[in-house]
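Spelled out, the chains give:
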Amino acid sequence: MKAHRMHQCLLLSALLLLLSCHAEQDDTSAPLQAGAPVEVTHPLHKDLTEYLDLNATTLFMKKETLRATFPGFIDTLAKAVGDPVRAGDLLLRLKTREAAAGDSLAPGTLPLPTAVSICARTNGILVALQFNTGDFVTEGEEIARIANPSSLRISLNVPYEYAVRIDRRIPCEILLPDGQKMTAVIHRVLPNVDPATQTQTFLLQLQRAVSLPENLNLSARLPLRTAVGATIVPRGAIQCDETMRRFWIMKLTEANTAVRVDIAKGIESGDEVQVVAPQLLPTDLIISAGAYGLPDTARVALSGSPHE
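Residues numbered from 1 in each chain as written. Predicted model: local features only at pLDDT ≥ 70, side-chain atom pairs only at ≥ 80, totals over all residues. Heavy atoms only, no water.

(A) Local environment of the sheet that holds strand β10 (residues 142-147). If you trace the 4 strands from one edge of the open sheet to the other, you get β3-β10-β8-β5, paired in antiparallel fashion. Of all the strands in the sheet, just β3 (63-67) and β5 (84-85) have a single pairing partner and so form its edges. In the sheet, strand β8 (residues 124-129) pairs with β10 via 4 bridges, with the strands oriented antiparallel. Pairing of I125 across the sheet is with A147, part of β10. (Pairing = 2+ DSSP bridges. Helix = DSSP H or I, 4+ residues; strand = E, 2+ residues; numbered from the N terminus.)

Listed below in structure tokens is the structure:
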């Protein structure tokens, strides 16, 4: 009997030892889940302007086209393409067919009218000359073309839905192909819309005189609207659903806990986005990187100090 009880005690002790070891193994095999690594930042409060970026081209508004007023032969060319001209400068002499035929008449016969001088009526640069000396031109045919560089304007086609929103009092930024930046003002808006593209033509004038060729491709940045004292977060902090109709940010409520906060967006400019609602404080911490795929409430691990 005594041996039987001793055997039961030994079995009970072995069972308790086994259960204790199994519990310790379970505790060590299920460590606490580490938080997702994220970067955080504070919301900013400042003025934010939304811009519209469009392609543009240069053009000369003032051009003079010289045409033949009668058929004849070009007797003399006084200018070449690229030459500067002033109003009244001689460009060429045009001789009628009768006058050209008179060159072969016998001496002593009645002389025919001489060549007619054609002069420039405006200042500018001779940009086109269609004929050479001795060529025959018909009545009304274009002979030469003069462009006035001082009439340089920048033309861009603005989608109509944006045309009515552009603040025409604020200067625009112009970016040249070589990287130079200039400012321009809206000089004129043409009162018609292209039927195919539904765009309206804006003509801009540079605020300082500069020599640019015609048909040069540029980039124009036009201001649309400005939010004064806006609450701004980085674009990378904003998440959205598949339809891109619902937006939210992840905000830290504790040192290592972030929760989803639905927001209403305002204007956007570059990497900055305005948050219209809810109100965010400058002391709030929001996730600026690493929030993609996090649940509504998530354990996170901060990497580095908050970005200002």
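(B) Local environment of the confidence of the model for the chain. When pLDDT is averaged along the chain, the result is 84, and 82% of the positions lie at 70 or above. Every residue in residues 23-32 is under pLDDT 50, and counting partners more than four places away or in other chains gives 0 contacts. (pLDDT = per-residue confidence, 0-100. Contact = heavy atoms within 4.5 Å.)

(C) Representation of the nonpolar core within the structure. Core analysis: the biggest nonpolar cluster contains 25 residues, and L156, V158, I174, L204 and L206 have the highest contact counts within it. For this core, the secondary-structure elements that each account for two or more residues are β2 (44-60), β11 (152-159), β12 (172-175), β13 (181-193), β14 (199-206) and β15 (217-234). Residue contacts for V158: discarding those within four places in its chain leaves L52, L54, A163, I166, Q198, T199, Q200 and F202. Ranked by size, the runner-up nonpolar core spans 16 residues in total, among them L66, F70, L91 and L94. (Core = buried A, V, L, I, M, F, W, Y, C linked by side-chain atoms within 4.5 Å. Buried < 20%, exposed > 50% of the residue type's maximum accessible area, 1.4 Å probe, protein only.)

(D) Here's a closer look at the packing of aromatic side chains. Here the structure, examined in full by the defined rule, presents 1 aromatic pair. Above the ring of W248, the side-chain terminus of R260 is found at 3.8 Å from the ring centroid. Between the NZ or CZ atom of K265 and the centre of the ring of F247, over which it lies, the distance is 4.2 Å. (Phe/Tyr/Trp six-rings, centres within 6.5 Å; stacked < 30°, edge-to-face > 60°. Lys NZ or Arg CZ within 6 Å of the ring centre and 35° of its normal.)

(E) Highlighting the environment of D241. Tracing the backbone shows D241 in the loop between β16 (239-240) and β17 (247-254). Setting aside residues up to four positions removed in sequence, D241 forms contacts with R246 and W248. In terms of polar contacts, D241 uses its side chain to reach the backbone amide nitrogen of M244, at 2.8 Å. One polar contact links the side chain of D241 to the main-chain amide nitrogen of R245, over a distance of 3.1 Å. (Polar contact = N/O pair within 3.5 Å; in protein donor to acceptor, adjacent residues only side chain to side chain.)

(F) Spatial organisation of unusual backbone geometry. P278 follows A277 through a cis peptide bond whose omega is -5 degrees. Mapped onto the secondary structure, P278 falls in the loop between β19 (272-277) and β20 (286-289). A positive phi angle, near 55 degrees, is found at Q198, a position not held by glycine. Tracing the sequence through the fold places Q198 in the loop between β13 and β14. Classification of Q198 as partly exposed rests on a relative accessible area of 44%. Phi at N215 is positive, roughly 65 degrees, even though this residue is not glycine. Mapped onto the secondary structure, N215 falls in the loop between β14 and β15.

(G) Summary view of the sheet that holds strand β6 (residues 90-96). As summarised here, the arrangement of the 4 strands in space is β7-β6-β4-β9, forming an open sheet in which the pairing is antiparallel. Looking at which strands have only one partner, the edges of the open sheet turn out to be β7 (116-119) and β9 (136-137). Pairing between β6 and β7: 4 bridges, direction antiparallel. The residue of β7 that forms the bridge with R93 is S117.

(H) Quick peek at the environment of T69. Topologically, T69 is positioned in the loop between β3 and β4 (72-77). The exposure class of T69 is exposed, given its relative accessible area of 60%. Sequence-wise, T69 and L94 are 25 residues apart; in three dimensions their C-alpha atoms are separated by 9.6 Å.

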